[in-house]
Amino acid sequence: MTLALPAAAPARWREHSPLPGFGLGMGFTLLYVSVIILLPIAALIARPWEHGISGFFDAILQPRTLAALRLSFTAVALAALVNAGFGLLIAWVLTRYEFPFRRLVDAMVDLPFALPTAVAGIALAALYSSNGWIGSLIEPLGLKIAYTPVGVFVALFAVGLPFVVRSVQPVLQDLDAAYEEAAQTLGASAFQTFFRVTLPALAPALITGLALAFARGVGEYGSVIFIAGNMPGVSEIAPLVIVGKLEQYDYSGAAAVGVAMLALALMALLLTNAVQLIFARRGAA
């Protein structure tokens, strides 16, 4: 009888498992993660060391590279933060109000997902250039967007906004209005209800959208190069530096810049995940 027990336990586990086919699913998951994510990252990390540690840091610490990294991560961080505010506002309007052509506006939010990035960059450059519809109106006021670092911010803002809207909108739709009504019944104002009841419930989804917008913007290339101007040290982004090194057959230097971007992006995502975990624990408490 004791010899039959070990064979019976796995059979019962397979019968009552909430995840049938776990072995096959887990194997496919590990294969996907290894081939699509881990192996390319390992190849990227292994490539820059061809010229030693000094060659790795020489490629990163060049003034042109540092300026491009600073512009890329500063612009994408600012764009993600602004997207958090505007994305929340758009999701709120689309969820809580009925107005003509609401479905059309809702569909337009997804346009940056379907629009090729190069097309978006050309459209933004034509719109904000000196002879564009908006650029011709604001340049006499001393404001210039196209071919400046501000243009980089505008492009990153445009491509990252849908991530925040689509992350917050489903949570806002499922949020029970009874909590807000109870707060107003107890004498809370509209602002108090939003900041003390609604916003804490939306915080994890809002941070998720912010992280997705940040991740998308870090590697954005097509929509930025047409409006940035690409002036070294002024409006040149880090992905363009990598492309320039590849065109010069400096593969180790391009990989070094890629590793630096990977490390900075990973630290930023870990920080946002930590903040999201803190808000989730506060909400559960």
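Just above sits the structure.
Conventions adopted
- Residues numbered from 1 in each chain as written.
- Predicted model: local features only at pLDDT ≥ 70, side-chain atom pairs only at ≥ 80, totals over all residues.
- Heavy atoms only, no water.
- Helix = DSSP H or I, 4+ residues; strand = E, 2+ residues; numbered from the N terminus.
- Contact = heavy atoms within 4.5 Å.
- 1 Å grid on protein atoms, 1.4 Å probe; cavity = no way out; pocket = protein on both sides within 12 Å on 5 of 7 lines; lining within 4 Å.
- Points joined across faces, edges and corners; volume = space filled by probe spheres on them.
- Nonpolar A, V, L, I, M, F, W, Y, C, P; charged D, E, K, R; others polar.
- Axes fitted to C-alpha atoms, helices over the stretch in contact; angles between N-to-C directions.
- Buried < 20%, exposed > 50% of the residue type's maximum accessible area, 1.4 Å probe, protein only.
- Salt bridge = Lys/Arg side-chain N within 4 Å of Asp/Glu carboxyl O.
- Parallel < 35°, antiparallel > 145°, perpendicular 65-115°, else oblique.
- Left-handed = near helix turned anticlockwise from the far one by under 90°.
- Phe/Tyr/Trp six-rings, centres within 6.5 Å; stacked < 30°, edge-to-face > 60°.
- Lys NZ or Arg CZ within 6 Å of the ring centre and 35° of its normal.

Participant: Explanation requested: the environment of F153 in the structure shown.
Facilitator: For F153, the location among the structural elements is in helix 9 (residues 149–174). For F153 and Y251, which are 98 residues apart along the polypeptide, the C-alpha to C-alpha distance reads 28 Å. The contact partners of F153, leaving out residues within four places of it in the chain, are A75, L78, A79 and V82.

Participant: Got a minute to help me understand the layout of surface pockets in this structure?
Facilitator: If a probe as big as a water molecule is rolled over the atoms, it shows which places are left empty. As a volume, the largest pocket reaches approximately 460 Å³. Lining the largest pocket are 20 residues, with L111, P112, L115, L124 and A158 sitting closest to its centre. Listing elements by their share of the lining of the largest pocket, those giving two or more residues are helix 5 (102–109), helix 6 (111–114), helix 7 (117–128) and helix 9. Of the residues belonging to the lining of the largest pocket, the class tally is 18 nonpolar, 1 polar and 1 charged.

Participant: Looking at this structure, I do not really get the packing of helix 4 (residues 63–96) against helix 13 (residues 238–247). What am I missing?
Facilitator: Each packed pair of helices is defined by two parameters, the angle between the axes and the distance between the axes. Packing of helix 4 against helix 13 leaves a shortest axis separation of 7 Å and a crossing angle of 145°. Counted together, T65, A68, L69 and S72 of helix 4 and A238, P239, V241 and K245 of helix 13 form the full contact between these two elements. In terms of residue class, the contact of helix 4 with helix 13 is built from 5 nonpolar, 2 polar and 1 charged.

Participant: How should I be thinking about the side chain of Q169 in this particular structure?
Facilitator: When you line up the elements, Q169 lands in helix 9. Overall, the relative accessible area of 4% leaves Q169 in the buried class. Sequence-distant contacts of Q169, defined by excluding residues within four places in its chain, comprise A91, L94, T95 and D106.

Participant: How do you make sense of unusual backbone geometry when you look at a structure like this?
Facilitator: Excluding glycine, most residues fall at negative phi; most peptide bonds, likewise, are trans. At F101, a residue that is not glycine, the phi angle is positive and equals roughly 60°. Along the polypeptide, F101 turns up in the loop between helix 4 and helix 5. Judged by its relative accessible area of 65%, F101 is exposed. For Y147, which is not a glycine, the phi torsion comes out positive at approximately 65°. By secondary structure assignment, the location of Y147 is in the loop between helix 8 (135–138) and helix 9. Its relative accessible area of 38% is what places Y147 among the partly exposed residues.

Participant: Is there a simple way to explain the pattern of salt bridges in this structure?
Facilitator: Summed over the entire model, instances satisfying the criterion amount to 8 salt bridges. A salt bridge links E50 to R47; the nearest nitrogen and oxygen atoms lie 2.4 Å apart. In this structure, E180 and R96 form a salt bridge, with 3.1 Å as the shortest nitrogen-oxygen distance. Of this pair, E180 sits in helix 10 (residues 177–185) while R96 sits in helix 4, placing them 84 residues apart in sequence. Classification of R96 by relative accessible area gives partly exposed; the value is 29%. Beyond isolated ion pairs, a larger network of salt bridges with shared partners links D106, D110 and R166.

Participant: Any chance you could explain the packing of helix 4 against helix 11 (residues 190–218) here in plain terms?
Facilitator: Between helix 4 and helix 11, the shortest axis-to-axis distance is 9 Å and the interhelical angle comes to 135°. When the interaxial angle is binned, helix 4 and helix 11 end up oblique. As helix 4 runs across helix 11, the sense of the crossing is right-handed. The segment helix 4 lies against helix 11, with F73, V76, A77, A80, L81, N83, A84, L88 and W92 engaging F194, T198, L199, L202, L206, L210, A213, F214, G217 and V218. Taken together, the residues of the contact of helix 4 with helix 11 break down into 16 nonpolar, 3 polar and no charged.

Participant: I tried to follow the packing of aromatic side chains on my own but got confused; where do I start?
Facilitator: The geometry of an aromatic ring pair is captured by two quantities: the separation of the ring centres and the angle between the planes. Taken as a whole and assessed by the stated rule, the structure comprises 9 aromatic pairs. Pairing F73 with F214 gives two aromatic rings, centres 6.3 Å apart and planes at 50°, and the pair type is tilted. With F73 in helix 4 and F214 in helix 11, the pair connects residues that are 141 residues apart, well separated along the chain. One aromatic cluster is present, formed by W49, F56 and F57 through successive ring pairs. We note R96 situated over the ring of W92; from NZ or CZ to the ring centre the distance is 4.6 Å.

Participant: It is not clear to me how empty space enclosed by the protein should be interpreted in this structure. Could you clarify?
Facilitator: Tallied over the full model, the rule gives 1 cavity of 30 Å³ or more. Computed from the structure, the largest cavity encloses a volume of approximately 50 Å³. Taken together, S72, V152, L156, G217, V218, E220, V224, I237 and P239 make up the lining of the largest cavity. Mapped by element, the contributors of at least two residues to the lining of the largest cavity are helix 9 and helix 11.

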